[in-house]
Amino acid sequence: MIVTLLSSIIFLSSYQTGGNTGNLENIALETSNQLISETSSPIGRKSLIMESPNSISNVPVDRRHFFNNYYRNASLKEQAAELHENRTIMILDKTDSTREINLYAENLTGDLYSDIEINDWMNNSFISVMTGGNGLESMRINGKEVLSSSADLGIGTFDIKNNLLHAELEDAGLKIYNNSKEIIIENASGLSFRLKNMSKLYWAKDDSTTELAGTGLFKDGKTSGFTVASNYGISFIGKLNAKVSKPDSSTVLAEIDSERLRIRLHDKDHSYGKKRINSYKQGRIVFGPLESFSTVSVDKIKNLNNKSNQDLEEALDISPENFNLSISDNSGKLASMGYPTPLQEVVSRQKFLTGFYRNGSLTDLEMRLNVW
């Protein structure tokens, strides 16, 4: 049951020919296969094909992806993803490239994400959001305030919970993502945002830029997004039915209906928001077919060090009870146990295989097993 990303290379040798060499060869083969069986987990791999007219970093991707429920975690190189209700959620750099997303049956737990903090505020490295009443009290990008007063989310009471990749405002479907300047709101019906210190409006429907001078209605209707900004600002992205007006000289009122609203805060002018909207409009993300294989868990390999020689002998059914085991990657030894290897009556079995770390990244492993 050894299937790896790399071809397995197996060497079998005898330091000294003896009457039990054939039996030792069988023991070495069975023991190494048993060891891999004990430490392996299924993994799937899919191509992730992206096309985008603009390079906008750290965009949360939340695309429907009907994967086998057997898989519970995913990673894109060293960037982990969350599999949630048939949706793959991740943070990635949005560029024209093809990548591979790895799906794991293992529960890859650990301190993978320490970026989001939740209390009265929901914070990550770029943005801060404070909720209160029936909406938002504050939205900040690198300390710069966007709201002049609460955004009306129409939710009443709410709870905040912290998931793997995002903090979520329950009952509103508002999610703030790790390492991203973007927020997503599900079922965004009847939302209103009062914005301050904004001087320009970019409207994607007619690709127009408008000075926000005076008062009155500026734009109304369907659009794939709009940006309200000065030297920093906020972009609303999605299939929107929206209205932008100024009820008074100091406030810009944005009213929005959308099944899924992406809100991107940026400390740059409206041209940055225009690029993000174009990336949404023309960008494409496609998952390729699933390739399944098995590979060993580096955590399980390291846990072998916690076993006594006797426990390992029993687990792997090693007989005779003389062995020396070492497993290494390019950083050094991951596991080493057993007895000093004699210079006679020894059969050595060596394998090269693929393992994965807790964060989902893959590595080449070398396993060497001596039995006598």
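Look up: the structure comes first, before these words.
Here's what I pulled together on the structure shown here. All of these numbers come straight from a predicted model, not from anything done at the bench.

### Overview of the overall build of the chain
Here's step 1: Each helix and strand in the chain was counted, giving four helices and 28 strands.
Here's step 2: Relative to the compact-globule value of 21 Å for 372 residues, the chain shows a C-alpha radius of gyration of 28 Å, a clear excess of over 25%.
Here's step 3: Expressed along its principal axes, the backbone C-alpha trace of the chain runs to roughly 100 × 35 × 30 Å.
Here's step 4: Counting across all 372 residues of the chain, residues that qualify as buried make up 50%.
Here's step 5: In the chain, 69% of the contacts between residues at least 6 apart in sequence involve partners at least 24 apart.
Here's step 6: About 16900 Å² of surface is accessible on the chain, with carbon and sulfur atoms providing 42% of the total.
Here's step 7: Looking at the chain, you have 40 positive and 46 negative side-chain charges, and the mean spots of the two groups are 9 Å apart.

### Looking at the side chain of Thr-251
Here's step 1: For Thr-251, the position within the fold is in strand S22 (residues 251-266).
Here's step 2: Once residues lying within four places of it in the same chain are set aside, the contact partners of Thr-251 are Ser-148, Arg-194, Leu-195, Ser-245 and Lys-246.

### Observations concerning the nonpolar core
Here's step 1: Among the nonpolar cores identified, the biggest contains 41 residues, and Phe-193, Leu-195, Phe-226, Phe-236 and Leu-261 are the most heavily contacted of them.
Here's step 2: In contact with Phe-226, not counting residues within four places along its chain, are Leu-201, Tyr-202, Trp-203, Ile-234, Ser-235, Phe-236, Leu-240, Ala-242, Val-244, Ala-254, Ile-256 and Ile-277.
Here's step 3: Ile-36, Val-298, Leu-334 and Ala-335 belong to the second-largest nonpolar core, a separate cluster that totals 24 residues.

Conventions adopted
- Residues numbered from 1 in each chain as written.
- Predicted model: local features only at pLDDT ≥ 70, side-chain atom pairs only at ≥ 80, totals over all residues.
- Heavy atoms only, no water.
- Helix = DSSP H or I, 4+ residues; strand = E, 2+ residues; numbered from the N terminus.
- Rg over C-alpha atoms; globule rule 2.2 N^0.38 Å.
- Buried < 20%, exposed > 50% of the residue type's maximum accessible area, 1.4 Å probe, protein only.
- Contact = heavy atoms within 4.5 Å.
- Areas by Shrake-Rupley, 256 points an atom, 1.4 Å probe, with all protein chains shown as cover.
- Lys, Arg positive; Asp, Glu negative; His and termini not counted.
- Charge placed at Lys NZ, Arg CZ, Asp CG, Glu CD.
- Core = buried A, V, L, I, M, F, W, Y, C linked by side-chain atoms within 4.5 Å.

None of this, on its own, says anything about what the molecule does.
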